[in-house]
Amino acid sequence: MVAVMPEKFVWLFSQRYIAGRTLEEAMATSKMLNSKGIDCTVDVLGEYITKKEEAVEYKEMYLRTIASVKENKVEASISVKPTMFGLLLDKDFCYSHIRELIIEARKQEVTICLDMEDSACTDDEIALFQKLYTEFPDSVSFVLQAYLKRTLNDLKYLTTFNNKEYPINIRLCKGIYVEPEDIAFKNKHRINKNYTESLDYMMQHNFYCSIATHDKSLIREAFHLIEKHKYAKSMYEFQMLYGVRPKLRDQIVQKGNKMRIYVPYGQNWFGYSTRRLKENPRMVTDIIKALIIRN
Ligand SMILES: Cc1cc2nc3c(=O)[nH]c(=O)nc-3n(C[C@H](O)[C@H](O)[C@H](O)COP(=O)(O)OP(=O)(O)OC[C@H]3O[C@@H](n4cnc5c(N)ncnc54)[C@H](O)[C@@H]3O)c2cc1C
């Protein structure tokens with residue numbers, strides 16, 4: 001069905017989750033969230049380029065985004081998908097373009113998060129993160145996915161180069177891609193168990209914990225772990241996607257916790273939305289639920 005859905009119809013679903021097509025719209029959304037005491041991470045929509053020239057265009061867009069965050073005095077970091085910079089075409093090319101972005105972002109005191117993509121990218125993205133974090137420990141953060149069976153081992157590996165002064169900031173999420181059963185947990189309880197164990201490990205090993213979930217039971221578990229480890233407020237934050245569970249988001253903020261919202265924008269919203277729906281049809285139910293119940 002997704003393949004034949006008209007653009008206008010997909011936009012009906014997508015607009016609640018996407019700040020807009022333009023940078024101005026992304027800045028307006030971010031300012032609105034900032035006014036509620038919420039930080040943002042701004043993402044330019046796009047992924048899996050097939051020609052290197054596309055990476056150059058995306059870099060320009062990101063440079064404009066970074067400049068705009070600074071000019072508008074918006075509290076926001078930037079999220080980047082490495083395949084948008086050619087990770088699957090040429091790893092060195094991808095590294096040098098993202099490195100340039102980080103250098104510019106540092107000048108503007110903006111940090112960059114490397115999003116995690118499908119399992120074909122995991123090893124390369126860890127290697128990319130290691131290289132960039134070793135050079136810019138104060139400016140780059142990373143993502144791990146609790147549905148992958150390897151995640152606890154990946155955390156153990158990251159511990160080997162975790163810098164005490166600038167602890168590695170990991171956004172821990174469940175994971176959005178459809179992965180084969182031999183490498184990924186499929187059962188919700190098993191994914192949640194891996195999430196909780198991973199978060200527990202992160203707190204034992206001095207990671208900055210970005211707790212990215214809308215799952216109430218996981219949020220409850222996260223609060224238990226914060227209490228158990230007496231984890232300092234300066235060492236964790238919650239993260240959610242723009243448009244998802246705003247009431248829950250506001251409750252977490254009202255309890256005095258730091259919250260960051262993922263704000264995607266750009267012309268490539270159609271490709272992004274339909275790809276996500278095709279990859280994970282379960283999202284359709286989530287989206288319909290979210291349109292009806294503002295929970
Ligand atoms: C800030 C942030 C950044 C992320 N970055 C990445 C990344 O880099 N790589 C990656 O693979 N994944 C990423 N994700 C997506 C993540 O992996 C999950 O797919 C997504 O967050 C849903 O998982 P959940 O923990 O909310 O739990 P779920 O059990 O999936 O959801 C709990 C409830 O939240 C609601 N909900 C969740 N998602 C939606 C939605 N899209 N629309 C409407 N309602 C929804 C539903 O009511 C659902 O029942 C990110 C998520 C967040 C919050």
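One can find the structure itself at the top, above this paragraph.
Residues numbered from 1 in each chain as written. Predicted model: local features only at pLDDT ≥ 70, side-chain atom pairs only at ≥ 80, totals over all residues. Heavy atoms only, no water.

1. Considerations on the environment of Ser 119
Consideration 1: Among the secondary structure elements, Ser 119 is positioned in the loop between strand E3 (112–114) and helix H5 (122–135).
Consideration 2: On the basis of relative accessible area, Ser 119 is assigned to the partly exposed category, the value being 27%.
Consideration 3: Remark: the alpha-carbon pair of Ser 119 and Lys 174, spanning 55 residues in sequence, is separated by 13 Å. (Helix = DSSP H or I, 4+ residues; strand = E, 2+ residues; numbered from the N terminus. Buried < 20%, exposed > 50% of the residue type's maximum accessible area, 1.4 Å probe, protein only.)

2. Brief notes about the pattern of salt bridges
Consideration 1: One pass over the full model with this rule turns up 21 salt bridges.
Consideration 2: Between Lys 91 and Asp 124 there is a salt bridge, with its nearest N and O atoms 3.7 Å apart. Taken together, the residues span a long stretch of sequence, with Lys 91 in helix H4 (residues 91–107) and Asp 124 in helix H5 at a distance of 33 residues.
Consideration 3: Accessibility expressed as a relative area gives 22% for Asp 124, which makes it partly exposed.
Consideration 4: Of the charged contacts in the structure, one is a salt bridge between Asp 215 and Lys 174, with a shortest N-O distance of 2.8 Å. Taken as a pair, Asp 215 in the loop between strand E6 (208–212) and helix H8 (216–229) and Lys 174 in the loop between strand E5 (169–173) and helix H7 (188–204) lie far apart in primary sequence, 41 residues in all.
Consideration 5: Taking relative accessible area as the criterion, Asp 215 reaches 11% and is therefore assigned buried.
Consideration 6: Several salt bridges share partner residues, and in doing so they unite Asp 39, Glu 237, Lys 258 and Arg 260 into one network. (Salt bridge = Lys/Arg side-chain N within 4 Å of Asp/Glu carboxyl O.)

3. As for the environment of Leu 248
Consideration 1: Structurally, Leu 248 is set in helix H9 (residues 246–254).
Consideration 2: Sequence separation between Leu 248 and Ile 219 is 29 residues; the distance between their C-alpha atoms is 9.9 Å.

4. Notes on the pairing of strand E7 (residues 236–241)
Consideration 1: Most of E7 sits out of view: 5 of its 6 residues are buried.
Consideration 2: Handedness of the β-α-β unit built from E6, H8 and E7 comes out right-handed.
Consideration 3: Pairing of E7 with strand E8 (residues 259–265), which is carried by 4 bridges, proceeds in the parallel orientation. Within E8, the position partnered with Leu 241 by the bridge is Tyr 262. (Right-handed = clockwise from strand over helix to strand, strands pointing away. Pairing = 2+ DSSP bridges.)

5. Quick look at the packing of helix H6 (residues 151–159) against H7
Two measures define how a pair of helices packs: the angle their axes make with one another and the distance between the axes.
Consideration 1: Packing of H6 against H7 brings their axes to within 10 Å, and their N-to-C directions diverge by 10 degrees. Relative to H7, the element H6 is oriented roughly parallel. As for how H6 packs across H7, the hand of that crossing is right-handed. Packed against H6, whose contacting residues are Thr 151, Leu 152, Leu 155, Lys 156 and Thr 159, the element H7 presents Asn 194, Glu 197, Ser 198, Tyr 201 and Met 202 at the interface.
Consideration 2: When its residues are assigned to classes, the contact of H6 with H7 shows 4 nonpolar, 4 polar and 2 charged. (Axes fitted to C-alpha atoms, helices over the stretch in contact; angles between N-to-C directions. Parallel < 35°, antiparallel > 145°, perpendicular 65-115°, else oblique. Left-handed = near helix turned anticlockwise from the far one by under 90°. Contact = heavy atoms within 4.5 Å. Nonpolar A, V, L, I, M, F, W, Y, C, P; charged D, E, K, R; others polar.)

6. What about the sheet that holds E5?
Consideration 1: Strand order around the closed barrel formed by 8 strands is E1-E2-E3-E4-E5-E6-E7-E8, with parallel pairing between neighbours. The mean inter-strand angle of the sheet, taken between neighbouring strand axes irrespective of direction, is 30 degrees.

7. Considering the site of the ligand
Consideration 1: In the region of the ligand, 28 residues are neighbours, and Met 116, Lys 174, Gly 175, Thr 213 and His 214 sit closest.
Consideration 2: Gln 145 is positioned such that a nitrogen or oxygen atom in its side chain is 2.9 Å from an oxygen atom of the ligand.
Consideration 3: Within the backbone of Ile 176, a nitrogen or oxygen atom sits 3.0 Å from an oxygen atom of the ligand.
Consideration 4: Computed on the free molecule, the ligand has an accessible area of 930 Å², of which 92% lies beneath the protein chains in the complex.
Consideration 5: The set of elements that each furnish at least two residues to the shell around the ligand consists of strand E4 (140–145), E5, E7 and helix H11 (282–292).
Consideration 6: Ranked by the residues each element gives to the shell around the ligand, the list is headed by H11, at 6 residues.
Consideration 7: A breakdown of the residues in the shell around the ligand according to their chemical character gives 14 nonpolar, 5 polar and 9 charged. (Near = heavy atom within 4 Å. Polar contact = N/O pair within 3.5 Å; in protein donor to acceptor, adjacent residues only side chain to side chain. Areas by Shrake-Rupley, 256 points an atom, 1.4 Å probe, with all protein chains shown as cover.)

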